[in-house]
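What follows is the residue order along each chain.
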Amino acid sequence: MGKQPRSRATTATTAATAEQRADDGRLLRQTLLIAAVIVAALLIWQLSHILLLVFGAILVAIVLRTVAEPFERFARLPPRLAVLAALVSLLILMALGGWAFGREISSQTSDFTDRLPEAWQAARGQLASLPFGTEVVERIDSLIDRVGQDDEATAGQPVEDGEGSPGVAPAPPAAEGGLLSGGVFANVGAFAGLVASVVAELMLVIFAGLFLALNPQSYKAGFVRLFRKRSASTADTVGKAFDVSGTGLRRWLLGQLAAMVAVGVVTGLGAWAIGLPSPLALGMIAGVMEFVPIVGPIVATIPALLLAATMGPEMILWTLLLYLVIQQIEGNLIMPLVQKRMVSLPPVIALFSILIFAALFGPLGVLLATPLAVVVFVLIKGVYLDEPISDKDAASSK
């Protein structure tokens, strides 16, 4: 009887020790989990540019697979041959377009770039004549000057001439009206380097997208197998996420392509109708910039207004009216028709995704912000909430 209190105390001590060890184990696992999340976030941040290029390759693969579907369905081609046929078809279409419109596009683009300095001078004059216009012009000039501040920083620095004697690097000649008329356009070397880098990354994305399109199921299956060992339900959820995000991206891309073509054609015809120079180039700019919702159409208006400034205030008003009408047509007619069968991304989400990815990743982030937002949107809607991702799916499920 006297041993019971001691055994109870020993049992209580053992239980307290086991509980303490369990708490220590949970704390250690939580610490390791937090550390792993931090390391993964830092790794993603360091590899963000490469990951964006990978996402670009996925977009290319989706485009190729979408174009390949008719070859599989009607020509009964195997999937890989259908993808190759889609690639050849796209190349042929590009070649035919270049043969039919290449000379005119090149001519109008060259004329457009030649007119930009003169257009900026005219726009400065128009802005300066408005109330508070002088302050606006000064702010724009200071913003443009930042583009060339690296070149200006090297001006006046000691260098060695051809005979090894020290000299001074000449400062770039000041151009009337700011850098837009001289410094930026004169920096051919930096521009050529930028173009070479963009072309190299573009080719990398295209070839990677081609390899992904040739055998997408193997990449999907390999990724899903990583989660199969954890649980079958987790693997099924990951597989569903792949399917939903791929469907959402494909539909969004088709909708954007339709909107880009429509806006480009209407803009070119409208610019030609009101007498703006280089209407084909303006139409191409408007069509390409339509890929970035909300922000892209605003940016596409700027070169048209610059050209209109060389032709007087009346042409500026006509240009503003033209682009406002086009945006009303796009927002109230084109996109509602497209979004009935495609994925509709709320405008607020699109706008903030562009701002966030622009701040984080720069120009490439702006370009890919909307498709990335589409992926997140359809994953939340189609996987987490288990809802139809478009009106087409909602109608078919009834």
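Residues numbered from 1 in each chain as written. Predicted model: local features only at pLDDT ≥ 70, side-chain atom pairs only at ≥ 80, totals over all residues. Heavy atoms only, no water.

Within the chain one finds 15 helices and two strands. The buried share of the chain, taken over its 398 residues, is 29%. Contacts in the chain between residues far apart in sequence, at least 24 positions, make up 65% of those at least 6 positions apart. Accessible surface for the chain amounts to roughly 25200 Å². Of this, 69% is attributable to carbon and sulfur atoms. (Helix = DSSP H or I, 4+ residues; strand = E, 2+ residues; numbered from the N terminus. Buried < 20%, exposed > 50% of the residue type's maximum accessible area, 1.4 Å probe, protein only. Contact = heavy atoms within 4.5 Å. Areas by Shrake-Rupley, 256 points an atom, 1.4 Å probe, with all protein chains shown as cover.)

To continue, consider the confidence of the model for the chain. Residues of the chain with pLDDT of at least 70 account for 76%, and the chain-wide mean is 77. This model gives residues 150-186 a pLDDT under 50, and the stretch forms 45 contacts once residues within four places in sequence are excluded. (pLDDT = per-residue confidence, 0-100.)

A separate point is the pattern of salt bridges. Applying the stated rule across the entire model yields three salt bridges. Where Arg 65 meets Glu 72, a salt bridge forms, and the shortest distance between an N and an O atom there is 3.3 Å. On the basis of relative accessible area, Arg 65 is assigned to the partly exposed category, the value being 23%. Measuring nitrogen to oxygen at the nearest pair gives 4.0 Å for the salt bridge that ties Arg 250 to Glu 69. (Salt bridge = Lys/Arg side-chain N within 4 Å of Asp/Glu carboxyl O.)

Let's shift gears to the environment of Thr 370. Its place among the elements puts Thr 370 in helix α14 (residues 363-384). Between the alpha carbons of Thr 370 and Leu 351 there is a distance of 8.5 Å; along the sequence they are 19 residues apart. Apart from residues lying up to four places away in sequence, Thr 370 is in contact with Trp 252, Pro 293, Leu 345, Ser 353 and Ile 354.

Attention now moves to the layout of surface pockets. Of the volumes computed, that of the second largest pocket is approximately 1100 Å³. Ile 58, Ile 62, Phe 242, Ser 245 and Gly 246 are, among the 29 residues lining the second largest pocket, the residues nearest its centre. Only α2 (48-73), α7 (188-214), α8 (216-228), α9 (232-274) and α14 provide two or more residues apiece to the lining of the second largest pocket. The residue inventory of the lining of the second largest pocket, partitioned by class, reads 18 nonpolar, four polar and seven charged. (1 Å grid on protein atoms, 1.4 Å probe; cavity = no way out; pocket = protein on both sides within 12 Å on 5 of 7 lines; lining within 4 Å. Points joined across faces, edges and corners; volume = space filled by probe spheres on them. Nonpolar A, V, L, I, M, F, W, Y, C, P; charged D, E, K, R; others polar.)

As a rule of thumb, nonpolar side chains are buried together in soluble globular proteins. The biggest cluster of nonpolar side chains holds 23 residues, and the ones touching the most others in it are Phe 55, Leu 249 and Val 374. Of all the secondary structure elements, the ones that give two or more residues to this core are α2, α9, α13 (347-361) and α14. At eight residues, α14 tops the list of elements feeding residues into this core. (Core = buried A, V, L, I, M, F, W, Y, C linked by side-chain atoms within 4.5 Å.)

The next point concerns the environment of Ala 258. Structurally, Ala 258 is set in helix α9. The class for Ala 258 is partly exposed, based on a relative accessible area of 37%. Spatially, the C-alpha atoms of Ala 258 and Met 335 are 8.9 Å apart, while their sequence positions differ by 77 residues.

The description of two aromatic rings rests on the distance between their centres and on the angle between their planes. Within the structure shown, the criterion is met by three aromatic pairs. Ring centres of Phe 223 and Phe 242 lie 5.4 Å apart, and the angle between their planes is 65°; on these two criteria the pair is classed as edge-to-face. Of the two residues, Phe 223 sits in helix α8 while Phe 242 sits in helix α9, which places them 19 residues apart along the sequence. Residue classification places Phe 242 among the partly exposed positions, given a relative accessible area of 33%. Taking the centre distance of 5.7 Å and the plane angle of 35° together, the rings of Phe 357 and Phe 361 count as tilted. Taken as a pair, Phe 357 and Phe 361 lie in helix α13 at a separation of four residues, close to a single helical turn. (Phe/Tyr/Trp six-rings, centres within 6.5 Å; stacked < 30°, edge-to-face > 60°.)

Inspection of the secondary structure assignment puts Leu 345 in the loop between α12 (313-339) and α13. By relative accessible area, which is 11% here, Leu 345 ends up buried. Remark: the alpha-carbon pair of Leu 345 and Pro 293, spanning 52 residues in sequence, is separated by 10.0 Å.

It is worth spelling out empty space enclosed by the protein at this point. Within the structure shown, the criterion is met by one cavity of 30 Å³ or more. Approximately 50 Å³ is the volume attributed to the largest cavity. What lines the largest cavity is simply Val 263, Thr 267, Ala 286, Glu 290, Pro 297, Ala 300, Tyr 323, Ile 326 and Gln 327. At the level of secondary structure, the elements contributing two or more residues to the lining of the largest cavity comprise α9, α11 (295-309) and α12. With three residues, α12 is the single largest residue contributor to the lining of the largest cavity. Across the lining of the largest cavity, the residue classes break down as six nonpolar, two polar and one charged.

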